[in-house]
Every structure is written in structure tokens, then in C-alpha cells.
Amino acid sequence: MSYPKKNMYTTGEKNAIVGGTLYLVATPIGNLADLSERALKVLSEVDFVAAEDTRNSGLLLSRFGISKPLISYFEHNKRERGGIIADRLEKGESCALITDAGTPAISDPGEDIVRLCAERGIPVTSIPGACAAITALTLSGLATGRFTFEGFLSGNKTDRRERFAELAEERRTMIFYEAPHHLRQTLADFLTHFGDRKITLCRELTKLNEEVFRTTVSQAIEEYKTRDPRGEYVLVVEGFTALSGVQDYPEDIAEHVAAFEAEGMSRMEAIKACAKKRGVPKSVVYDAVNK
Ligand code: SAM
């Protein structure tokens, strides 16, 4: 790959704050030294900062000696606040959006305000920096050429089941965010739906207790039988391969259907899931369970 030698890096004019612009500013995911020089400049110079958690963000800004008017913008006020922020941007003010950690719009309400600005013709620019998903992927040791970001899995059983059905034969490396209190359940679900694949559990990235555990789903389950999940996790899971396809379900079709039913699926849902997993027509599974 060749890189342009001239004009590869821009400084100066590009860094001047432009009124009427929304700046998405990435903040550290644990290590304060990861806040970029440009992020600090933007945060110091915009008219106001919209933050997911004004208390946390106020602390972050004060660590860097920045004092700015803060407006809260989070999941439960994003409609009303999004409109107010967009009105102020249209009047020529500049705003930096920061979320709890990492890159705004990745698994946080940033996505909605970018859409709103796009609809209203308001310029948006991004000050890139830490993102837990990409940091984990790069450390995973798994294929990085093609990947899919899945964010948080739903807590709703039906949505979760549908998502797993969609992903069972996903060939790209998959990245999930997970809270510690859901880790054991999610690992158990991975084993059921994906089989015993490679997985890398990335915990407390960039922090003092950063841990990268490259293992398999079944070994991760073993590990967390005797250890309490703590801290923030990104789970990076190997994509489906022909090998994982033959290893991770019972030989017997009826037993395979029964395993899906035991998870709460109806008979028809279980037949469909089983057929998809085995790559055979539904009629084959239907006949096997009704013989
Ligand atoms: N916008 C953020 C980003 O760019 O990564 C993600 C926000 S999302 C609400 C928070 C989730 O990201 C956490 O529950 C965890 O799964 C993951 N995460 C954030 N910081 C992390 C860290 N230091 N180590 C591991 N996972 C982290």
C-alpha cells in the first residue's frame, strides 16, 4: 500500500472551530491519556458540550482544566434535547457531543443526533479516538479482514433468539458488548447457538487491569464458573466455519430440535432453526421428528 507523501496530515485551518457544526468527540474508554490533542482543542473552543452523563463528563473536562456549558443528551431525553441542540446549531453555535466513553454513535444515542443533523442539513464532523469494539478486535487474534459489530444483545428472549438465528452461520468475526452480570448467560447462549468456537474476551481495555483472554467458548464458561465477571467486556467471536458447523449440534435431528425447544422455541420455530443450522430443507427436519 502506498501513502501520499504530501498533504497526508492536515493541521491549521482544518482545526479551526466552525460555527453551526456538531463535533463528535471520542473520549477515552479508560485511559485518560487517550484523549487526543484535537479533542482537547475542540472541547475547549466550542460554544457548548452535549454529554450523555454531565456529571462524568464534567469531571473529565475539569481534569483537563476545561469549563464549558454542558447540556445533557441521553437515551431518555434524546428526542427533545436533540431538537434543542439542532436549533442552537442552526443559529450558528458550535457543539461537541461526548458520550460516556469512546466514540459517540457507537452503541449510544449519538446515532440519533447525527441522523437529525443530516436531515436538517447541519454539518457534522468527527474527532476520532478510542472505540472499545475496534480496540478489542485488533487484540483478538481472530480474523479482522471482515467483521460485524453486534453491540449489546437484547434482553428480550424473542429478539435474542432471532438475533442468534441470524448469526449462527455468520462467517465474519463478530463483536459484542456485554455487561458483567450478563456474561455467563451470553457465553452459555454462544455455546448453544454457535458451538464451541474461538472467542476473545477483552476486559477493562486500556485500564490498569486490562485483560485479553483468547480461548474457546467452553473454556470461557469453565473459567467463569469459579470467577465473578467484573468490569467492562467486549466479546470477539470467531465466525462460522464448516468445522464449527459439524461439531456443535447433536447427530440426531430429533435431539437437535428438542434442544431448541428446551430453550423456549415452539416446535415449528425449533424445526426452522434446526434446518437452518444443518443447512437442510425444513421438510427433512419435519419428517425426522414426525416419523
Ligand atoms: N461508544 C463506546 C465505544 O466507542 O466503544 C461504547 C459505549 S457502550 C454504551 C459501553 C460498552 O462498551 C461497555 O458495556 C463495554 O461492553 C464496552 N466498553 C467500553 N469501554 C470498555 C473498556 N475499557 N473495556 C472493555 N469494554 C469496554
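About the cut-offs
- Sequence order sets the numbering: in each chain, residues are counted from 1 along the sequence as written.
- Owing to the predicted nature of the model, reporting of local features is limited to residues with pLDDT of at least 70; listing and counting of side-chain atom pairs is limited to 80 or more, with chain, interface and lining totals taken over all residues.
- Hydrogen atoms and water are omitted, and side-chain values are computed over all heavy atoms in the structure.
- In this text, buried Ala, Val, Leu, Ile, Met, Phe, Trp, Tyr and Cys residues form a nonpolar core when linked through side-chain atoms within 4.5 Å.
- A simple rule labels every residue: compare its accessible area, found with a 1.4 Å probe on the protein chains alone, to the largest value its type can have, and call it buried under 20%, exposed over 50%, or partly exposed in between.
- Secondary structure is summarised from DSSP: a helix means a run of H or I of at least four residues, a strand means a run of E of at least two, and numbering begins at the N terminus for each.
- Definition used for salt bridges: Asp or Glu carboxyl oxygen within 4 Å of a side-chain nitrogen of Lys or Arg.
- A strand pair is defined by DSSP finding two or more bridges across the two strands.
- Only the stretch in contact is used when a helix axis is fitted, and all axes are lines through C-alpha atoms; the angle between N-to-C directions ranges over 0 to 180 degrees.
- Under the convention used throughout, the expected extent of a helix is 1.5 Å for every residue step, that is, one less than its residue count.
- As used here, the arc belongs to the directions running from the helix axis to the C-beta atoms.
- Domain segmentation is taken from an automatic or database assignment of domains.
- Residues count as neighbours in contact if any of their non-hydrogen atoms are within 4.5 Å of one another.
- Note on definitions. A residue lies near a molecule or strand when any single heavy atom of the residue is within 4 Å of it.
- Under this definition, polar contacts are N or O atom pairs within 3.5 Å; protein pairs additionally need one hydrogen-donor-capable and one acceptor-capable atom, and for neighbouring residues in sequence, both atoms have to be side-chain atoms.
- Calculation of accessible area relied on Shrake-Rupley with a 1.4 Å probe; when residues are assessed, cover is drawn exclusively from the protein chains displayed.
- Put simply, Ala, Val, Leu, Ile, Met, Phe, Trp, Tyr, Cys and Pro go in the nonpolar bin, Asp, Glu, Lys and Arg in the charged bin, and everything else, Gly too, in the polar bin.
- Working definition: rings of Phe, Tyr and Trp (its six-membered ring) pair if their centres are within 6.5 Å, and the pair is stacked with planes under 30 degrees apart, edge-to-face with planes over 60 apart, and tilted otherwise.
- The rule for a charge over a ring is simple: NZ of Lys or CZ of Arg within 6 Å of the ring centre, and within 35 degrees of the ring normal.

J.: I'd like to hear about the nonpolar core, residue by residue, with values.
T.: Counting 18 residues, the largest nonpolar core has Phe176, Leu187, Phe190, Phe194, Ile199, Leu201 and Leu235 as the members making the most contacts within it. Of all the secondary structure elements, the ones that give two or more residues to this core are α6 (157–167), β7 (173–178), α7 (183–194), β8 (198–203), α8 (217–223) and β10 (233–237). The biggest single contributor to this core is α7, with four residues.

J.: Tell me about the pattern of salt bridges, and please be specific about residues and values.
T.: Considering all chains together, one arrives at 21 salt bridges under this definition. Between Glu150 and Arg163 there is a salt bridge whose closest N-O contact spans 2.7 Å. Highlighted residues: Glu150 in strand β6 (residues 147–152) and Arg163 in helix α6, separated in sequence by 13 residues. Each of Glu75, Lys78, Glu111, Asp112 and Arg115 takes part in salt bridges that share partners, so that together they form one network.

J.: Describe the sheet that holds strand β3 (residues 70–72), listing the residues and the values that go with them.
T.: The five strands lie next to each other as β3-β2-β4-β1-β5, forming an open sheet whose pairing is parallel. Two strands bound the open sheet, and with one partner strand each, they are β3 and β5 (124–127). The average undirected angle you get between the axes of adjacent strands in this sheet is 25°. As paired strands, strand β1 (residues 22–25) and strand β4 (residues 95–98) are joined by three bridges and run parallel to one another.

J.: Kindly report on α7, identifying the contributing residues and their values.
T.: Between the first and last C-alpha of α7 there are 16 Å, a value that for 12 residues agrees with the 16 Å anticipated at 1.5 Å per step. Buried within α7 we find Leu183, Thr186, Leu187, Asp189, Phe190, His193 and Phe194. In a view along the axis of α7, the buried residues occupy a sector of 160°, so they form one face of it.

J.: Please set out the domain arrangement of the protein chain residue by residue, giving values where relevant.
T.: Assigned domains within the protein chain: domain 1 (18–130), domain 2 (133–237) and domain 3 (253–289). For domain 1 and domain 3, the distance between their C-alpha centres works out to 47 Å.

J.: Give me the lowdown on the sheet that holds β10, citing residues and values where you can.
T.: Hydrogen bonds between backbone groups are what pair the strands of a sheet, and the pairing can be parallel or antiparallel. As summarised here, the arrangement of the five strands in space is β6-β7-β10-β8-β9, forming an open sheet in which the pairing is mixed. Since the sheet does not close on itself, it has two edges, and those belong to β6 and β9 (211–216), each with one partner. The average angle at which neighbouring strand axes cross in this sheet is 15°, direction not considered. Here helix α5 (residues 132–140) sits on the sheet and contacts β6, β7, β8, β9 and β10; the angle it forms with β10, its principal contact strand, is near 50°.

J.: An account of the site of the ligand is needed here, citing residue identities and associated values.
T.: The immediate surroundings of the ligand are formed by 19 residues, with Ile29, Thr103, Tyr177, Leu205 and Tyr233 found nearest. Take Tyr177: an N or O atom from its side chain is 2.6 Å from an oxygen atom of the ligand. Within the backbone of Glu178, an N or O atom sits 3.4 Å from an oxygen atom of the ligand. Here the ligand loses 90% of its free accessible area of 580 Å² to cover by the protein chains. Secondary-structure elements contributing two or more residues to the shell around the ligand are β7 and β10. Looking at side-chain class alone, the shell around the ligand contains 11 nonpolar, three polar and five charged residues. Three or more residues apiece are contributed to the shell around the ligand by two domains, here domain 1 (18–130) and domain 2 (133–237).

J.: Could you give an account of the packing of aromatic side chains, naming the residues involved and the relevant values?
T.: Tallying each qualifying case throughout the model produces eight aromatic pairs. Between Phe149 and Tyr177, the aromatic rings sit 5.1 Å apart at their centres with planes inclined by 75°, giving edge-to-face as the arrangement. Here the residue Phe149 occupies a position in strand β6, and Tyr177 occupies one in strand β7, the gap between them amounting to 28 residues. Using a relative accessible area of 11% as the deciding quantity, one classes Tyr177 as buried. Summarising the aromatic geometry, the rings of Phe164 and Phe194 are spaced 5.5 Å apart at their centres and angled 70° between planes, so their arrangement reads as edge-to-face. Here Phe164, found in helix α6, pairs with Phe194, found in helix α7; they are 30 residues apart in sequence, far enough to count as distant. Overall, the relative accessible area of 1% leaves Phe164 in the buried class. Residue class for Phe194 comes out buried when judged on its relative accessible area of 0%. By way of ring pairs, the aromatic residues Phe164, Phe176, Phe190 and Phe194 are connected into one cluster. A cation over an aromatic ring shows up here: Arg88 above the ring of Phe48, its NZ or CZ 3.7 Å from the ring centre.

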